[in-house]
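The lines below spell out each chain.
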Amino acid sequence: MTRYESAKEIYASIGIDTEAAMEALANLNISIHCWQGDDVTGFEGAGGASGGIASTGNYPGKARTPKELMADLDEALRHIPGTHRLNLHASYAITDEKVDRDRLEPRHFEAWVQYAKERGMGLDFNPTLFSYPMAADNLTLSHPDEKVRRFWIDHCIACRKIAEYFGRELGTPSLCNIWIPDGYKDVPADRMGPRRRLKESLDEIYSVELDSNCVIDAVESKVFGIGVEAFTVGSHEFYMNYAAKNGILCLLDNGHFHPTENVADKIPSMLLFADKVALHVTRPMRWDSDHVVSYNDDLKEIAAEIVRCDAIDRVVIGLDFFDASINRVAAWVIGVRNMQKALLTALLTPWEKLRAMQDEGNFTGLLAWEEEMKLCPVGDVWNEFCQRHQVARGMDWLKDVRSYEEKILPERA
Ligand code: RNT
Ligand code: ZN
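Owing to the predicted nature of the structure, the values given are computational and were not obtained by experimental measurement. (Residues numbered from 1 in each chain as written. Chains lettered and ligands numbered in written order. Predicted model: local features only at pLDDT ≥ 70, side-chain atom pairs only at ≥ 80, totals over all residues. Heavy atoms only, no water.)

Enquirer: An account of the coordination of the zinc ion (ligand 2) is needed here, citing residue identities and associated values.
Expert: Protein-derived ligands of the zinc ion (ligand 2) are Glu-220 (OE), Asp-253 (OD), His-280 (ND1) and Asp-320 (OD), with the metal-ligand distances lying across 2.1 to 2.2 Å. One can describe the donor arrangement at the zinc ion (ligand 2) as octahedral, given that its six donor atoms subtend angles of 71 to 167 degrees at the metal. All donors to the zinc ion (ligand 2) come from one chain, and their sequence spacing reads E-x32-D-x26-H-x39-D. Of the two residues, Asp-253 is situated in strand 8 (residues 249-253) and His-280 in strand 9 (residues 277-281); the sequence distance between them amounts to 27 residues. We note that Asp-253, like His-280, is buried. (Donors = N, O, S within 2.8 Å, 3.2 Å for Na, K, Ca; no water. Tetrahedral: all angles 85-135°; square planar, octahedral: opposite > 155°, others 65-115°. Helix = DSSP H or I, 4+ residues; strand = E, 2+ residues; numbered from the N terminus. Buried < 20%, exposed > 50% of the residue type's maximum accessible area, 1.4 Å probe, protein only.)

Enquirer: With reference to specific residues and values, describe the environment of Asp-313.
Expert: Note that Asp-313 resides in the loop between helix 9 (297-308) and strand 12 (315-319). Linking Asp-313 and Gln-390, residues 77 residues apart in sequence, is a C-alpha distance of 25 Å.

Enquirer: Tell me about the environment of Gly-51, and name the residues and values.
Expert: One can find Gly-51 in the loop between strand 1 (31-33) and helix 3 (66-77). What Gly-51 contacts, discounting residues up to four positions off in sequence, is Phe-130, Asn-138, Trp-179 and Pro-181. (Contact = heavy atoms within 4.5 Å.)

Enquirer: Could you give an account of the pairing of strand 4 (residues 174-178), with specific residues and numbers?
Expert: Along any regular strand the residues' side chains alternate between the sheet's two faces. Among the five residues of strand 4, five are classified as buried, and the element is accordingly described as predominantly covered. Going residue by residue along strand 4, you find Ser-174, Cys-176 and Ile-178 tucked away on one face and Leu-175 and Asn-177 tucked away on the opposite face as well. Note that strand 4 and strand 6 (residues 215-220) share five bridges and pair parallel. The partner of Ser-174 across the bridge, within strand 6, is Val-215. (Pairing = 2+ DSSP bridges.)

Enquirer: Go over the site of ligand 1 with me, naming the residues and quoting the values.
Expert: Of all residues adjacent to ligand 1, which total 14 residues, the nearest are His-89, Glu-220, Lys-222, His-256 and Asp-320. Between ligand 1 and Lys-222 there is a distance of 2.7 Å, counted from an oxygen atom to a side-chain nitrogen or oxygen. Asp-288 places a side-chain nitrogen or oxygen 3.3 Å from an oxygen atom of ligand 1. Notes on ligand 1: free accessible area 310 Å², of which the protein chains cover 99%. Its residues assigned to classes, the shell around ligand 1 shows six nonpolar, three polar and five charged. (Near = heavy atom within 4 Å. Polar contact = N/O pair within 3.5 Å; in protein donor to acceptor, adjacent residues only side chain to side chain. Areas by Shrake-Rupley, 256 points an atom, 1.4 Å probe, with all protein chains shown as cover. Nonpolar A, V, L, I, M, F, W, Y, C, P; charged D, E, K, R; others polar.)

Enquirer: If you had to explain the pattern of salt bridges to someone new, which residues and values would you point to?
Expert: Across all of its chains, the model carries 32 salt bridges by this definition. Note that Arg-150 is salt-bridged to Glu-204, the shortest N-O span being 2.8 Å. Here Glu-204 lies in helix 6 (residues 192-207) and Arg-150 lies in helix 5 (residues 146-170), a separation of 54 residues in the sequence. We note a salt bridge from Lys-266 to Glu-261, for which the minimum N-O separation is 2.6 Å. Here Glu-261 falls in the partly exposed class, since its relative accessible area comes to 31%. Salt bridges sharing partners connect three or more residues here, namely Arg-64, Glu-68, Asp-72 and Arg-412. (Salt bridge = Lys/Arg side-chain N within 4 Å of Asp/Glu carboxyl O.)

Enquirer: Provide a residue-level description of the environment of Ala-93, including the pertinent values.
Expert: Relative to the elements of secondary structure, Ala-93 occurs in the loop between strand 2 (85-89) and helix 4 (110-119). Since its relative accessible area comes to 12%, Ala-93 is described here as buried. It is 22 Å that separates the C-alpha atoms of Ala-93 and Gly-52, two residues lying 41 residues apart in sequence. The residues touching Ala-93, leaving out its near neighbours within four places in the chain, are Phe-43, Leu-104, His-108 and Phe-109.

Right under this line is the structure:
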């Protein structure tokens with residue numbers, strides 16, 4: 001008997017169909033963020049990220065050009081089972097001349113559409129409202145200066161149109177997510193003014209009607225950023241209300257809450273009031289540090305909510321981490337595979353049975369079963385899944401990533 005066959009029997013004995021779980025996992029696509037490949041640098045010739053976010057580390061070999069970033073992504077995709085989506089930022093436009101961000105057009109992303117088409121991937125998008133002279137004071141859509149606001153409103157509208165183009169070209173709607181760095185380092189005298197200006201800017205951005213089959217709008221909140229510790233304009237309450245009232249998606253980044261808040265716990269609440277909720281899955285360590293996602297309790301809890309709320313089609317899963325201290329291709333592979341492993345673990349859990357115990361008040365049984373499930377052979381099912389998708393099982397992928405690294409490092413020295 002193979003290890004998979006044995007695992008299949010173990011799960012079957014508790015009423016779980018491993019084949020159905022693998023099939024569900026195969027249909028779950030994850031939006032893979034392009035920015036892990038180059039520490040959120042982009043192709044505009046700017047330095048690293050600003051706007052209260054930071055990638056730390058100086059591991060050699062980071063991608064410097066579209067060609068390098070695409071090659072690195074391809075190397076990562078070889079080791080990730082299934083077909084996924086690619087999440088781009090506006091700062092990754094591919095152009096010969098310098099184009100101001102408020103002037104970006106679909107044609108500046110043609111090469112990415114080509115890339116996605118060739119790989120059967122959908123594309124998601126994010127306006128970039130940071131790492132730019134016009135955002136130097138960490139104020140964009142809420143800026144008191146009308147000229148600055150105008151520039152960023154125009155940028156966001158341009159980006160929504162680019163996302164619409166992605167959706168049309170690729171036949172799958174593109175999530176267009178707005179995150180802004182706006183905030184103040186020290187306690188502000190006026191909290192409502194900036195928020196009112198943000199609201200007005202968003203109203204203008206979303207007043208442009210686009211094809212809802214092609215673009216899905218989302219807004220991402222935050223609690224604080226480096227340099228803007230005292231006040232964040234786009235807080236959770238602000239965006240949760242804005243999204244609910246305007247029929248757009250609220251995006252929860254699990255690094256954007258107070259460290260002891262359980263972000264998984266928010267998912268069912270959001271789903272009771274909205275058709276969909278979007279996620280940026282990351283691993284905050286003490287702050288929004290964007291470590292590579294790990295197969296830990298936080299991740300498993302997020303995946304569990306998605307599965308047990310029967311919301312696989314209603315939760316848009318995107319990743320958002322950027323670690324510059326380790327091999328960046330490996331970071332992608334580890335992070336995406338961990339998200340998949342967490343989803344598989346959730347798919348291999350007898351939620352009906354556990355729910356019944358909860359409703360019957362059988363909390364002893366519930367705890368005993370939850371603990372028992374932790375040692376079930378999910379790894380054997382995962383390895384089978386990888387094998388069926390022609391992707392390396394276990395640790396075999398790392399050798400390939402290492403030899404890829406040896407090949408590219410001299411070129412990028
Ligand atoms: C910042 C937000 C945002 C960015 C990316 C690069 O705190 O999480 O999503 O990380 O857009
Ligand atoms: Zn995020």
